[in-house]
Amino acid sequence: MRLIRGAPGAGKTALVFREFKEALTDDGAAPRIVAPTATLVRHFQHELARDGCVFAPSAVISLNRFIAERALPLQPAPEGLVRLIVRHTLRRLGLPEFEQVAETSGMASTVADTISLFENAGCTPGKLASARRLSAQARAFEKVWRRVEEELRDRGFETRPAVVRAAAQKGVRERIWMDGFVSFSPLEKELVGALAQTCDLTLTATDTRAGDELRLLALGLGASERLLTGPARKPPVAVVAASSIEREVDEIARRIIELGETGTAFREIAVAIRDERSYLALLRSTFERFGIPARFYFSSALKLQPAVQFLGGLIACALGGWEHGAALEALRAHPGWGASPAFDRFDFAVREAMPGRGLESLEALAEVDLDSCFTVNSWRNELLIPAAWKARMEQFLAARFRPGMLDAPRDFSAVETQRNHVAAVRAVAEALGHAVEFFGNAAEPMELADFWPAAAEAIETASLPIADERRNVVHVINAFEARQWDVTALFVCGMTDRDYPRKNPQNLLFSDAEIEPLRKAGIPLRRASDLDGEEQGLFESLKNRAVKAVVLTYPLHDSGGASVDSSRLLVEMNAVAGAPVPCQATPALAAPAPGLAGRLDSEAVLAALGERHRVIGISALEDLVQCRFKFFAGKTLGLKGRPDRPHERLEARAKGLILHKALEEWLNAGRSGAFTAAFETAFENACQENHLPPGYRLELERIFLRAVAQGVSATDRWVGETETEVELTLDFPGGITVRGRVDRIDRLNERDCIIVDYKSGAVPNVSQLIHSPAKLQGPLYALAAREQLNLNTVAMMYMAIRSDKLFGWGAVPGVELGLEPMPPRWMEDARDRAVERLGSLLSGAIQADPLEPEKCRWCDFAGACHYTREAALVEVARGA
């Protein structure tokens, strides 16, 4: 056995590659490089291939695959099957120690992870049972573990310790290089010791504190040591603090592009991630926006794939009676129809008909034949063996998600999506295979309701590796895997005190205090404190993995705007964070040219636009003043927001409409009788028209709104002749008519009047109406009363009927109402604003330019105009 030791960058991997290529020329030789992970295997394979080396794929292999090949014919238990058996065992044993959590997926994961912890320590259930003074929880775990092993062996599989020891006992002599390892588990150390006795083994170790464990292991096995005396790699380290995580990722993208412009290939750049939840999706979208090709070495949860949501959702609907909401979620995952306008119309129709259930009503609302989707409904009545159920489900998915069944992709994003579909079909087949193995060889026919729970659990725990064979891409990898790579430039994002160093949680079944006596009894379990000790080594490894540059980045604020502390490791290295370099504005962003997207230029289209809007309502005019695109989408194109689900329908706007409708009927009846009676009628009508589901929440809202109705005043503080629901019109330039209907006009005399508009919103929202430049009802109602009715409006007010409060402009003679004074040219200025917006629209300007951007979040069309995203891009480009 040999040990090759050297400082980072001293050439250990280069020496291994050179010796491996020389060994390939020897007759009868079958040299192998063993790496710790499949990710590093791919990296090694690509580097050797670029050097012109030709070798069998199995010549460069991961440790797990190497063990599995040497252990044949023993079969290691698949992880999905192990977790399936663990969940089944927890239910079946019914141990009192785990009674309250036995049915949860979290408990199954905890037990499976703890089994892996003990197996990597080389422990067995028998050895654990022989330990003294075990807690009741530990004894319960031992029973579960023992039963899981029995279940696996009954199905023809072996545990990891048995497989590793079988691989160690294999007497095949090979020439092996083990490169890229930082440490070995106690079980893996047994394997290394056996290989040292039977094979020509070479092990590499970094000459740092992190490599001391490997060096001691090799020297203890009698290895000869070779020290590479090359200088330690010490790349320049830059630290960058960004204002937010989004700006941090933008800075990484900017620097990657800068490296590319100076001659560094994308494949020589890596980004290390510790916090996948915060950074993974953001890096994907940012790199796509900047045009940076990247390969993400992360698996996604199989359950999130459209193929799984489609199959699983339809089966759940078939077993549950086709509840319409669940059916929509399942059918939306259809690879073709689910993304079509026809499905959008189906979605709207089903939402409007909800709540409901039943297959017939769904078919009646669809514009296409859904028999191919609803064939799963007939599966409920069939009896099949588990293998036949697996074949049935595979065929169902293959008929919809296989190549040839999908539309031709138009760009790489579509290609990647279709690859994910196909990979998901294969992964589902593998997970279903675990379910078949779970039922064993007792091939008795069973119902779908019996097979699917096991299949769903197997899918729940499965992951989906995404294949990407592009050559020149940035590598986005886990921070621990980055320790093993050699690249030109490395970016380490998220250098916050939460993640560097990260506090590792203790095992939920065996705390560090409980592990300590087991260690003394000869079971070398790893404690959380041992993992904490590796955090400094991780940081030291990352700092020297690149040749040209290491960039450590962190945000000053999290996604919620809260301040974030930088890593204390940066403080210890006396690193001074630099600010991101502002991006240079491009001419296109700095000064948009006329005639770009957001304008209509066709004379025929402009003529049709003008004809369509000969008559405009005042509420629509307010939308236009707020944002041209909102008006264009809603009024010109006639687009609608997606209907609310039943539990979403009784929201603030719907409750306001109920009160407004009741008030309208009450005023039309001359305010005779109690207002609460009009409210009760309006509430019942709304329940029927909107299909509001009965229940506790509905009655709670009824009580709340009834209390509001009881507070509506039946008396006025002034005397006048009242008219309700008065139609008003205004003439605008170009032959355009603006129409509105005011709730109430009180004539004080032949000349003066008071205009009252009832508002059912919350008091703060009503009070804001008099300050918003986009709200035109008040001044335009007053203008229309002057021009059409020849009335002088002395007061225009909004009444918040929830609290019987008034907000508005003007003054009522002899009554103190606390209204705002009418500004000079109040009505004329409102008209001018509306005319200017209307003129720009009719001349072809339809781009989003909101007057009050903070209200964009309530817009039904915010996802179509992308105003917020585009505005942010402009700000970034200008160096904001």
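Predicted model only: the values in this text are computed from it and were never measured.

What counts as what
- Residues numbered from 1 in each chain as written.
- Predicted model: local features only at pLDDT ≥ 70, side-chain atom pairs only at ≥ 80, totals over all residues.
- Heavy atoms only, no water.
- Helix = DSSP H or I, 4+ residues; strand = E, 2+ residues; numbered from the N terminus.
- Contact = heavy atoms within 4.5 Å.
- Areas by Shrake-Rupley, 256 points an atom, 1.4 Å probe, with all protein chains shown as cover.
- Core = buried A, V, L, I, M, F, W, Y, C linked by side-chain atoms within 4.5 Å.
- Buried < 20%, exposed > 50% of the residue type's maximum accessible area, 1.4 Å probe, protein only.
- Phe/Tyr/Trp six-rings, centres within 6.5 Å; stacked < 30°, edge-to-face > 60°.
- Pairing = 2+ DSSP bridges.
- Axes fitted to C-alpha atoms, helices over the stretch in contact; angles between N-to-C directions.
- Parallel < 35°, antiparallel > 145°, perpendicular 65-115°, else oblique.
- Nonpolar A, V, L, I, M, F, W, Y, C, P; charged D, E, K, R; others polar.
- Salt bridge = Lys/Arg side-chain N within 4 Å of Asp/Glu carboxyl O.
- Left-handed = near helix turned anticlockwise from the far one by under 90°.
- Expected span 1.5 Å × (residues − 1).
- Patch = residues over 30% accessible without salt bridge, like charges linked within 9 Å, V, L, I, M, F, W, Y side chains within 5 Å.
- Lys, Arg positive; Asp, Glu negative; His and termini not counted.
- Charge placed at Lys NZ, Arg CZ, Asp CG, Glu CD.
- Polar contact = N/O pair within 3.5 Å; in protein donor to acceptor, adjacent residues only side chain to side chain.
- pLDDT = per-residue confidence, 0-100.

Topic: the overall build of the protein
- Broken down by element type, the protein carries 37 helices and 20 strands.
- In terms of its C-alpha atoms, the protein occupies a principal-axis envelope of roughly 115 × 65 × 55 Å.
- Partitioning the intrachain contacts of the protein with sequence separation of at least 6 by distance along the chain shows that 75% fall at a separation of at least 24.
- When the accessible surface of the protein is totalled, it reaches about 41,600 Å², and 52% of it is carbon and sulfur.

Brief notes about the nonpolar core
- With 89 residues, the main nonpolar core has Phe-118, Phe-141, Leu-302, Trp-322 and Met-393 as its most contacted residues.
- In terms of residues, this core owes the most to one element, helix 19 (residues 412-439), which gives ten residues.
- Apart from residues no more than four positions distant in its own chain, Phe-118 is found in contact with Cys-123, Leu-128, Phe-141, Trp-145, Phe-510, Leu-518, Ile-523 and Leu-525.
- Counting residues in each nonpolar core, the second largest holds 44 residues, with Leu-624, Ala-774, Leu-776 and Phe-807 among its members.

A few points about the packing of aromatic side chains
- Inspection of every chain in the model, using the stated rule, returns 21 aromatic pairs.
- When the centroid spacing of 5.5 Å and the interplanar angle of 35° are considered together, the rings of Phe-118 and Phe-141 count as tilted. With Phe-118 in helix 5 (residues 105-120) and Phe-141 in helix 7 (residues 136-154), the pair connects residues that are 23 residues apart, well separated along the chain.
- By relative accessible area, which is 0% here, Phe-141 ends up buried.

A word on the sheet that holds strand 5 (residues 200-206)
- The strand order across the open sheet formed by six strands is 3-2-4-5-1-6, and the pairing between neighbours is parallel. Edge positions in the sheet fall to strand 3 (60-62) and strand 6 (224-228), since each has one partner strand and no second. Across the sheet, the axes of successive neighbouring strands diverge by a mean angle of 20°, strand direction being ignored.
- Contacts from helix 1 (residues 12-24) reach strand 1 (2-6), strand 2 (32-35), strand 3, strand 4 (175-178), strand 5 and strand 6 within the one sheet, and its direction differs from that of strand 4 by about 160°.

Notes on the packing of helix 4 (residues 79-93) against helix 20 (residues 448-460)
- At their nearest, the axes of helix 4 and helix 20 sit 9 Å apart, and the two run at 125° to each other. The angle between the axes of helix 4 and helix 20 places the two elements in the oblique class. Across from Leu-84, Arg-87 and Arg-91 in helix 4, the residues of helix 20 making contact are Ala-454, Glu-457 and Ala-458.
- Here the residues of the contact of helix 4 with helix 20 are counted per class, giving three nonpolar, no polar and three charged.

What to know about the pattern of salt bridges
- Here the structure, examined in full by the defined rule, presents 61 salt bridges.
- Ionic pairing is found between Glu-151 and Arg-92, a salt bridge with its closest N-O pair at 2.4 Å. Of the two residues, Glu-151 is situated in helix 7 and Arg-92 in helix 4; the sequence distance between them amounts to 59 residues.
- The class for Arg-92 is partly exposed, based on a relative accessible area of 43%.
- Ionic contacts of the salt-bridge type, sharing partners, join the residues Arg-32, Arg-65, Glu-69, Arg-70 and Glu-174 into one network.

Some details on the packing of helix 31 (residues 675-689) against helix 32 (residues 696-710)
- Here helix 31 crosses helix 32 at 150°, and the two axes come no closer than 9 Å. Here helix 31 is positioned roughly antiparallel relative to helix 32, judged by the angle of their axes. In this structure, helix 31 crosses over helix 32, and the sense of that crossing is right-handed. Counting all contacts with helix 31, which are made through Phe-675, Thr-676, Phe-679, Glu-680, Phe-683, Glu-684 and Cys-687, the residues of helix 32 involved are Leu-698, Arg-702, Leu-705, Arg-706, Ala-709 and Gln-710.
- Tallied by class, the residues present in the contact of helix 31 with helix 32 amount to seven nonpolar, two polar and four charged.

Regarding the pairing of strand 16 (residues 721-732)
- By the bridge criterion, eleven bridges tie strand 16 to strand 17 (residues 736-747) in an arrangement that is antiparallel. Across the sheet, residue Glu-727 finds its bridge partner in strand 17, namely Arg-741.
- Between the antiparallel neighbours strand 16 and strand 17 lie three residues, among them Gly-734 with a positive phi of about 85°.

Some remarks on unusual backbone geometry
- With an omega of 5°, the peptide bond running from Met-354 to Pro-355 counts as cis.
- Here Pro-355 lies in the loop between helix 15 (341-353) and helix 16 (359-365).
- A cis amide bond links Tyr-500 to the next residue, Pro-501, at an omega of 0°.
- Residue placement: Pro-501 occurs in the loop between strand 13 (487-492) and helix 22 (512-520).
- If you check the backbone angles, Arg-133 has positive phi at about 55° while not being a glycine.
- Positive phi, close to 60°, is recorded for Trp-322, a residue that is not glycine.
- Its place among the elements puts Trp-322 in the loop between helix 13 (306-320) and helix 14 (324-331).

A short note on the sheet that holds strand 9 (residues 294-296)
- If you trace the six strands from one edge of the open sheet to the other, you get 7-14-13-8-12-9, paired in parallel fashion. Every interior strand has two partners, whereas the edge strands, strand 7 (237-242) and strand 9, have only one. Between one strand axis and the next, the sheet turns by 20° as a mean value, whatever way the strands run.
- One ladder, built from six bridges, connects strand 7 with strand 14 (residues 546-555); its direction is parallel. Opposite Ala-238, over in strand 14, you have Val-551 as the bridge partner.
- Running at roughly 130° to strand 14, helix 24 (residues 535-543) makes contact with strand 7, strand 13 and strand 14 of the sheet.

Considerations on helix 12 (residues 276-290)
- In this model helix 12 runs 20 Å from its N-terminal to its C-terminal C-alpha over 15 residues, within 8% of the 21 Å that 1.5 Å per residue would give.
- Buried within helix 12 we find Tyr-279, Leu-280, Leu-282, Leu-283, Thr-286 and Phe-287.

Some details on the environment of Ala-864
- Secondary-structure assignment places Ala-864 in helix 36 (residues 862-865).
- A relative accessible area of 52% means that Ala-864 is categorised as exposed.
- On a C-alpha basis, the gap between Ala-864 and Ala-633 in space is 9.1 Å, while along the polypeptide they are 231 residues apart.

Things to note about a negative patch on the surface
- On the surface, Glu-360, Glu-363, Asp-369 and Asp-371 cluster together to form a negatively charged patch.
- Among the secondary structure elements, Asp-369 is positioned in the loop between helix 16 and helix 17 (371-374).

Some points on the side chain of Asn-377
- Within the element layout of this structure, Asn-377 appears in the loop between helix 17 and helix 18 (386-401).
- Of the polar contacts made by the side chain of Asn-377, one reaches the side chain of Trp-322; its length is 2.7 Å.
- With sequence-adjacent residues up to four places away left out, Asn-377 is seen in contact with Ala-318, Trp-322 and Leu-359.

Focus: the pairing of strand 13
- Taken across its six residues, strand 13 has six buried, putting it largely inside the fold.
- Sheet analysis places strand 8 (residues 269-273) next to strand 13, joined by four bridges and oriented parallel. Bridge assignment links Ile-269 to a residue of strand 13, and that residue is Ala-489.
- Judged from the five bridges that link them, strand 13 and strand 14 form a sheet pairing that is parallel. Directly across from Val-492, in strand 14, lies its bridge partner Leu-552.

Section: the confidence of the model for the protein
- In the predicted model, the protein carries a mean pLDDT of 85, and the fraction of residues at 70 or more is 93%.
- Least confident of the elements in the protein is helix 26 (residues 587-590), whose mean pLDDT is 38; most confident is strand 8, at 95.

Regarding the environment of Glu-119
- Along the polypeptide, Glu-119 turns up in helix 5.
- On the basis of relative accessible area, Glu-119 is assigned to the buried category, the value being 11%.
- Sequence separation between Glu-119 and Ala-232 is 113 residues, and the spatial gap between their C-alpha atoms is 37 Å.

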